[in-house]
Amino acid sequence: KQEVTQIPAALSVPEGENLVLNCSFTDSAIYNLQWFRQDPGKGLTSLLLIQSSQREQTSGRLNASLDKSSGRSTLYIAASQPGDSATYLCAVYNQAGTALIFGKGTTLSVSS
Amino acid sequence: GAVVSQHPSRVICKSGTSVKIECRSLDFQATTMFWYRQFPKKSLMLMATSNEGSKATYEQGVEKDKFLINHASLTLSTLTVTSAHPEDSSFYICSARPLEVNTEAFFGQGTRLTVV
């Protein structure tokens, strides 16, 4: 059974710092991996989707990498801002068309 | 990106009543939609997979008679919480994937259900 783990569970950094969020999954035979952002009491905002054949995706200050063989993904946030404060969720698709399996998330707090 | 609309965003109901939550894909068609539940400070747990025109597939431990799912069209799925109890209070989120392969899933805004 696929399990997704995110470390750390919580992270506090000062504004301007670069940071890395980690995600690991137990079954490396994934289809896609997706990173989301969730603000308190809100739904999910998709940040980046990495297909299994890709190694990374970039969007603005965000860069996500995928290493299927080791079962890991990282989300790199450059020059963090207070507006980046949220919970970041990593999720994987085991097969095409199936549901996402989520990690518990990393709650990020960026202080000004 | 594609839009998934979930309604209502918040609902308070009395114990024993039923509540219906709607999930609509506004600008794409989805043969499959997913319903998740999120407990405070916990991850999203898949409840069921909703298939257009057929019965939903429920995850282990989810009561199908309590959480009724209907996927009547390619753009609408509904989740009805029947005979609600306080322990059903939670955040429910739906997701839909466009028909095309290799596309990402899009999520509704979520519904905060409080049963009193």
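Here's what I pulled together on the structure shown here. Since this is a predicted model, take the numbers as computed values, not measurements. (Residues numbered from 1 in each chain as written. Chains lettered and ligands numbered in written order. Predicted model: local features only at pLDDT ≥ 70, side-chain atom pairs only at ≥ 80, totals over all residues. Heavy atoms only, no water.)

Applying the stated criterion to the full structure yields two disulfides over all chains. Here A:C23 connects covalently by a disulfide to A:C90, the sulfurs 2.0 Å from one another. The chirality of the disulfide connecting A:C23 with A:C90 is left-handed, given an S-S dihedral of about -65°. Within this pair, whereas A:C23 is found in strand β3 (residues 19–25), its partner A:C90 is found in strand β9 (residues 86–93), the two being separated by 67 residues in sequence. In this structure, A:C23 and A:C90 share a single accessibility class: buried. Put simply, B:C23 and B:C94 are joined by a disulfide, and their sulfur atoms are 2.0 Å apart. Taking the sign of the torsion about the S-S bond as the criterion, the disulfide between B:C23 and B:C94, at about 80°, is right-handed. On the criterion of sequence distance, the pair formed by B:C23 in strand β3 (residues 19–25) and B:C94 in strand β9 (residues 90–96) is long-range, its members being 71 residues apart. (Disulfide = S-S within 2.5 Å. Helix = DSSP H or I, 4+ residues; strand = E, 2+ residues; numbered from the N terminus. Buried < 20%, exposed > 50% of the residue type's maximum accessible area, 1.4 Å probe, protein only.)

It is worth spelling out the side chain of B:T111 at this point. All names here are of chain B. With respect to the helices, strands and loops of the structure, T111 is situated in strand β11 (residues 111–115). A relative accessible area of 0% means that T111 is categorised as buried. Within the structure, T111 has its side chain in polar contact with the side chain of Q6 (distance 3.0 Å). Within the structure, the side chain of T111 is placed 2.5 Å from the backbone oxygen of P8, a separation counted as a polar contact. (Polar contact = N/O pair within 3.5 Å; in protein donor to acceptor, adjacent residues only side chain to side chain.)

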